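One letter stands for each residue in the lines below.
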Amino acid sequence: MLDRFTPEARRAFVRAGILAHDARPEGGRFGTDALLLALAEQRPFAGPVPAFTLTPDAVPLAATPGRDLLATLGIDLDEVRRRTRHGVDDPARWHLDRLLLRLTLRGPLGDLPLTLHLRKVVEVAAWKPGPITGERLLWGLLADARNGAARTLRTAGVDLAALVAQAGVPVRRAA
């Protein structure tokens, strides 16, 4: 399924998977918070989206367990990862697989099952024919108020109305 993603969106989605793994290495699920953080870091948009003013530090993704303990021992977890994870972020090494209603991102770090909300993001982004872009991933994040993305964006001061207009999110108006 990742073959439908543009190269930029694919890199951001894989980055989100890595972030989800690092936040919950004991086998947690891959959710919308990680995707929102990766979009803030990578900005994988095909065109200008100036209303997407979210910064990575505004996304409440859980901190990596054990980071503080390792730091007290003089171990820099980021440096360890840089030295031991060569090629992990290569999108060609990752695949998004479907088994019935379940989606799983599979790659060098293992299997990362997508949460129900993130699965819905991907389904919305893939709904229209054509490539899945960063803008389409935004559509998916904004399509369901229950996934928390709109709340995170609003809390960070993002103008949601402008973001919806700039990202080309289809809005259904009452007749």
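Heads up: the structure comes first, above all this text.
Residues numbered from 1 in each chain as written. Predicted model: local features only at pLDDT ≥ 70, side-chain atom pairs only at ≥ 80, totals over all residues. Heavy atoms only, no water.

**A short note on the nonpolar core**
The line we're drawing: We call a set of buried Ala, Val, Leu, Ile, Met, Phe, Trp, Tyr and Cys residues a nonpolar core when their side-chain atoms join them within 4.5 Å. Throughout, exposure labels follow a simple rule: accessible area from a 1.4 Å probe, protein chains only, divided by the maximum for the residue type, with under 20% read as buried, over 50% as exposed, and the rest as partly exposed. A run of H or I in DSSP becomes a helix once it reaches four residues, and a run of E becomes a strand once it reaches two; helices and strands are each numbered from the N terminus. A contact between two residues is defined here by any heavy atoms of the two lying within 4.5 Å.
Phe13, Phe30, Phe52 and Leu163 are the most contacted members of the largest nonpolar core, which totals 50 residues. When residues of this core are traced back to their parent elements, those giving at least two are α1 (7–23), α2 (32–42), β2 (102–107), α5 (116–127), α6 (134–142), α7 (149–155) and α8 (160–166). Here this core gets nine residues from one element, more than from any other, and that element is α1. Residue contacts for Leu163: discarding those within four places in its chain leaves Val49, Ala51, Phe52, Leu138, Leu142, Leu153 and Val158.

**Notes on the pattern of salt bridges**
Close approach of charged atoms allows side chains of opposite charge to pair. What counts here: For this document, the term salt bridge refers to a Lys or Arg side-chain nitrogen within 4 Å of an Asp or Glu carboxyl oxygen.
Scanning the model with the defined rule gives six salt bridges in all. Note that Arg106 and Asp97 form a salt bridge whose closest N and O atoms lie 2.8 Å from each other. Look at Asp97 and you get partly exposed, because its relative accessible area is 30%. Of the charged contacts, one joins Asp144 and Lys120 as a salt bridge, the two residues approaching to 3.6 Å between their closest N and O atoms. Here the residue Asp144 occupies a position in the loop between α6 and α7, and Lys120 occupies one in helix α5, the gap between them amounting to 24 residues. When its relative accessible area of 7% is taken as the criterion, Asp144 is described as buried. Residue classification places Lys120 among the partly exposed positions, given a relative accessible area of 33%. One salt-bridge network, in which partners are shared between bridges, spans Asp97, Arg106 and Asp111.

**Some thoughts on the sheet that holds strand β3 (residues 110–113)**
Stated precisely, the cut-off is as follows: Criterion used throughout: strands pair if DSSP finds at least two bridges between them. Every axis corresponds to a line fitted to the C-alpha atoms, with the helix fit spanning only the stretch in contact, and the corresponding angles, defined between N-to-C directions, vary from 0 to 180 degrees.
Strand order in the open sheet made by the three strands is β1-β2-β3, with antiparallel pairing throughout. In this open sheet, the two edge strands, each paired with only one partner strand, are β1 (95–99) and β3. Looking at each pair of strands side by side, their axes are set apart by 30° on average, direction ignored. The sheet contact formed by β1 and β2 spans five bridges and is antiparallel.

**Description of the environment of Met1**
When you line up the elements, Met1 lands in the segment before α1. Remark: the alpha-carbon pair of Met1 and Leu96, spanning 95 residues in sequence, is separated by 5.3 Å. Residues within four places of Met1 in sequence aside, it is in contact with Leu96, Arg98, Leu103, Val122 and Ala126.

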